[in-house]
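A structural walkthrough
If you want the building blocks of each chain, they are given just below.
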Amino acid sequence: MWPSTWLPFLYPPPASAYVAAMSAVSLVSMANAGLAELRGTHMAYSKFWHVVAAGAGGNNSNRNRGGGGALLKSRDGMLVAYVPALLAAAAASFAVPGAVDGPRAQILSAALAAHFLKRVLEVLLVHRYSGSMPVDTAATIGTSYFVSTATMIYAQHLSVGLPDPPVDLLYPGVAVFAVGIAGNFYHHHLLSKLRSDNGGGDKGYKIPRGGLFEFVTCPHYLFEILGFFGFAMIGQTAYALAVATGTAAYLAGRSCATRRWYQSKFEEFPARIKALVPFVL
């Protein structure tokens, strides 16, 4: 019998203190990181971050938030960030017997693997880098992605045997994920072409054009959010929803900070261009 007090589009929460705690931690920590972006304290995970921090008046301690000490080349740092999560999704699907049970869990694991495989391939073949990343920043991001991926799959495993949600979002979730991953890749491609046109440096940075860049500064983040809500719809667990909501909060804050930088750097920046959602935010 379905619990009358629970949401009809989520599985009942499993009897797991770990999953419950991680749901709260993921949501609160990501939302707090989004607020930090709005305040001008940025994570040091890309070359562009240094420019945003400087344009927003960030000091040296802000520019090294989450980092410092030993440095990696940006490409190597991004691989450290993404490869562990890819290995977690692949291991759950192929190397850990019983970790993935049933079509919903199989589709979720496959979607997670596809997401992080795309990230790794973009790092190797699409993105253009010229800066560096603190080792501990790369390790922190990599650990976060690894833990969230493994926990999402574990929460799905714990839902086996629980009453199915009355509202089935599995296949709509697959569609949302597909739109998210495709839109994210397309706008990353547009950014890589812009970087190539500028000779790989920041000094000649231009306002991105094409696609939804005509309406928002960070359409790649918008589609990344869609991808994470695709995970949440496929899995329909409280943990997956918490991760998606926290990711949306963080990327919304980062998008607003990016738009603020554009406004400070380019006098001709169109006021009609929003940060994340066309005509809204």
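To be clear, the structure that these remarks concern was listed above.
Given the structure is predicted, the values throughout are model-derived calculations rather than measurements. (Residues numbered from 1 in each chain as written. Predicted model: local features only at pLDDT ≥ 70, side-chain atom pairs only at ≥ 80, totals over all residues. Heavy atoms only, no water.)

**So, the packing of aromatic side chains**
Defined as follows: Pairing of aromatic rings covers Phe, Tyr and Trp, the last counted by its six-membered ring, and requires centre-to-centre distances within 6.5 Å; plane angles under 30 degrees mean stacked, over 60 mean edge-to-face, and any other angle means tilted. Numbered from the N terminus, helices here are DSSP runs of H or I no shorter than four residues, and strands are runs of E no shorter than two. The rule is simple: take the accessible area with a 1.4 Å probe, protein chains only, and divide by the maximum for that residue type; under 20% is buried, over 50% is exposed, in between is partly exposed.
Here the structure, examined in full by the defined rule, presents 10 aromatic pairs. When the centroid spacing of 5.3 Å and the interplanar angle of 65° are considered together, the rings of phenylalanine 116 and tyrosine 145 count as edge-to-face. Here tyrosine 145 lies in helix H6 (residues 135–158) and phenylalanine 116 lies in helix H5 (residues 103–125), a separation of 29 residues in the sequence. Taken individually, phenylalanine 116 and tyrosine 145 each receive the classification buried, so the pair is uniform in this respect. Their ring planes at 80° and their centres at 5.3 Å tell us that phenylalanine 228 and phenylalanine 231 sit as a pair that is edge-to-face. Here phenylalanine 231 and phenylalanine 228 lie together in helix H8 (residues 219–235), a separation of 3 residues that amounts to about one turn. Residue phenylalanine 228 is classed as buried on the basis of its relative accessible area, which comes to 5%. According to the relative accessible area criterion, phenylalanine 231 is buried, its value standing at 1%. Put simply, the rings of Trp261, Tyr262, Phe266 and Phe269 pair up and form one aromatic cluster.

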